[in-house]
Amino acid sequence: MRQNISGSSPFEPIIGFSRAVRVGNSVHVSGTGPVGADQADVAGQTRHILEIIRATLEKSGAKLEDVVRTRMYLTRAEDWEAAGRAHGEFFGSIRPAATMVVVAALLNPSWRIEIEADAVIESL
């Protein structure tokens, strides 16, 4: 059974996306930007995004410990370490498969990072 989990973006129905989708025991969280922390440094943006992802996972019945993969899109290569350390604050003991990619730009020019996450809920 498919469950679409909405966020607060007014663009969800316009673009045709959900903050996350749960199918069975898998949860896929869309690329999440630091909405509300646009002017923070990259570490602050990363923490803010991961809190949004945590709340989204909870809405789907999952938790951070269920995350098996994250993808981080950075606009500045030099931000990798600060973003990585903030990511480690949330996932240091969970240690999902993770990828960092440097991109030319994100939708909001003040965003320095966007993150996707995939989770597998072990107990249904």
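See the structure above.
Keep in mind that what you see is a predicted model, and the values were worked out from it rather than measured.

How each quantity is defined
- Residues numbered from 1 in each chain as written.
- Predicted model: local features only at pLDDT ≥ 70, side-chain atom pairs only at ≥ 80, totals over all residues.
- Heavy atoms only, no water.
- Helix = DSSP H or I, 4+ residues; strand = E, 2+ residues; numbered from the N terminus.
- Contact = heavy atoms within 4.5 Å.
- Areas by Shrake-Rupley, 256 points an atom, 1.4 Å probe, with all protein chains shown as cover.
- Lys, Arg positive; Asp, Glu negative; His and termini not counted.
- Charge placed at Lys NZ, Arg CZ, Asp CG, Glu CD.
- 1 Å grid on protein atoms, 1.4 Å probe; cavity = no way out; pocket = protein on both sides within 12 Å on 5 of 7 lines; lining within 4 Å.
- Points joined across faces, edges and corners; volume = space filled by probe spheres on them.
- Nonpolar A, V, L, I, M, F, W, Y, C, P; charged D, E, K, R; others polar.
- Buried < 20%, exposed > 50% of the residue type's maximum accessible area, 1.4 Å probe, protein only.
- Polar contact = N/O pair within 3.5 Å; in protein donor to acceptor, adjacent residues only side chain to side chain.
- Pairing = 2+ DSSP bridges.
- Axes fitted to C-alpha atoms, helices over the stretch in contact; angles between N-to-C directions.

## Some thoughts on the overall build of the protein
No. 1: The helix and strand tally for the protein stands at three helices and six strands.
No. 2: Along the protein, helices and strands appear, N-terminal first, in the series β-α-β-β-α-β-α-β-β.
No. 3: By principal-axis analysis of the C-alpha atoms, the protein measures approximately 40 × 35 × 20 Å.
No. 4: Counting only contacts in the protein whose residues sit at least 6 apart along the sequence, the fraction spanning at least 24 positions is 70%.
No. 5: For the protein, the exposed surface amounts to about 6,800 Å²; the carbon and sulfur share of it is 53%.
No. 6: For the protein, the centre of its 13 positive side-chain charges and the centre of its 15 negative side-chain charges are spaced 3 Å apart.

## As for the layout of surface pockets
No. 1: A volume near 490 Å³ is recorded for the largest pocket.
No. 2: In terms of lining residues, the largest pocket is bounded by 18 residues, among which Ser9, Phe17, Arg19, Val35 and Trp111 are the most central.
No. 3: Only strand 3 (26-32) and helix 2 (42-60) provide two or more residues apiece to the lining of the largest pocket.
No. 4: Among the elements that take part in the lining of the largest pocket, helix 2 stands out by supplying three residues, more than any other.
No. 5: The residue inventory of the lining of the largest pocket, partitioned by class, reads eight nonpolar, seven polar and three charged.

## Observations regarding the environment of Arg47
No. 1: When you line up the elements, Arg47 lands in helix 2.
No. 2: Here the alpha-carbon distance between Arg47 and His87, two residues 40 residues apart in the chain, equals 7.2 Å.
No. 3: Setting aside its immediate chain neighbours within four residues, Arg47 contacts Ala86, Glu89 and Phe90.

## Points about the environment of Asp118
No. 1: Relative to the helices and strands, Asp118 is located in strand 6 (residues 113-120).
No. 2: Look at Asp118 and you get buried, because its relative accessible area is 13%.
No. 3: For the pair formed by Asp118 and Arg69, sequence separation is 49 residues and the distance between their alpha carbons is 5.2 Å.
No. 4: At 2.9 Å, the side chain of Asp118 and the side chain of His28 are in polar contact.

## A few points about the side chain of Ser18
No. 1: As for its placement among the helices and strands, Ser18 is situated in the loop between helix 1 (12-16) and strand 2 (20-23).
No. 2: Judged by its relative accessible area of 13%, Ser18 falls in the buried class.
No. 3: With residues up to four places along the chain from it excluded, the contact list for Ser18 reads Asn4, Ile5, Glu12 and Ser30.

## Description of the sheet that holds strand 5 (residues 97-102)
No. 1: Ordered in space as 1-2-3-6-4-5, the six strands form an open sheet in which the pairing is mixed. Strands at the two margins of the open sheet, each flanked by one partner only, are strand 1 (2-5) and strand 5. For this sheet, the mean angle separating the axes of adjacent strands, direction not counted, is 10°.
No. 2: Here strand 3 runs beside strand 6; their pairing, made up of five bridges, is antiparallel. Within strand 6, the residue paired with Val27 across the bridge is Ala119.
No. 3: Those strands touched by helix 2 are strand 1, strand 2, strand 3, strand 4 (67-74) and strand 6, and its axis lies near 30° from that of strand 6.
No. 4: Across the sheet, helix 3 (residues 80-91) lies against strand 4, strand 5 and strand 6, angled at about 160° from strand 4, the strand it touches most.

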